[in-house]
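Residue-level structural notes
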Amino acid sequence: QVQLVEFGGGLVQPGGSLRLSCVGSGIIFRIYAMAWYRQAPGKQRELVAVISSGGSRNYADSVKGRFIISRDNAKNTVYLRMNSLKPSDTAVYYCNANKVVGSGDEYWGQGTQVTVSS
C-alpha cells in the first residue's frame, strides 16, 4: 500500500521554527515530485513548496525566504523547515507526491496541524 506519513506538527510561538517530515512508502520515491500544501479553516488548500525529482525548488510568495523544502531519497523523506513563523502560517500541512508523467499517480498524507500562537 502507498502511504505518506507526516511528523513534526505542533504548537510554536511567533518567530519560532519547526521542521516537518514526510516519509513515503509503497512508491519509487525518487521519481516523484514532492510538495507541501496547507489549508487553514475557511480557506482553500494552497501550495506552499515543491521539490522536483531533480531537486528544483519553488515556493509560495508568502513563505519565500522563510521556509526550505528538501528531500533525502535514501530515506524516502521530504522535509519542510519553517523559520520565522507567523500566526498566518497556522494551518493543516499536507504532504503530496506526484509522478507528473506516465501514470500521473498522486498521493496525499493525512495532514499535520501547525499552530503559531503566543
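Our subject is the structure listed above.
Presented here is a report on the structure given in the accompanying data block.

The rules behind each value
Residues numbered from 1 in each chain as written. Predicted model: local features only at pLDDT ≥ 70, side-chain atom pairs only at ≥ 80, totals over all residues. Heavy atoms only, no water. Pairing = 2+ DSSP bridges. Helix = DSSP H or I, 4+ residues; strand = E, 2+ residues; numbered from the N terminus. Axes fitted to C-alpha atoms, helices over the stretch in contact; angles between N-to-C directions. Buried < 20%, exposed > 50% of the residue type's maximum accessible area, 1.4 Å probe, protein only. Contact = heavy atoms within 4.5 Å.

**Let's talk about the sheet that holds strand E8 (residues 77–82)**
Read from one edge of the open sheet, four strands run E1-E3-E8-E7, paired in antiparallel fashion. Unpaired on one side and paired on the other, strand E1 (3–7) and strand E7 (67–72) mark the two borders of the sheet. Within this sheet the neighbouring strands show an average axis-to-axis angle of 15 degrees, counted without direction.

**So, the side chain of Asp89**
Looking at where Asp89 falls in the secondary structure, it is placed in the loop between E8 and strand E9 (91–98). Residue class for Asp89 comes out buried when judged on its relative accessible area of 1%. Ignoring sequence-local partners within four residues, the contact set of Asp89 consists of Arg38, Arg66, Phe67, Ser84, Val114 and Val116.

**Some words on the environment of Leu47**
Along the polypeptide, Leu47 turns up in strand E5 (residues 46–51). Considering only alpha carbons, one finds Leu47 and Gly26, 21 residues apart in sequence, at a separation of 24 Å. Residue contacts for Leu47: discarding those within four places in its chain leaves Ala35, Trp36, Tyr37 and Ala60.

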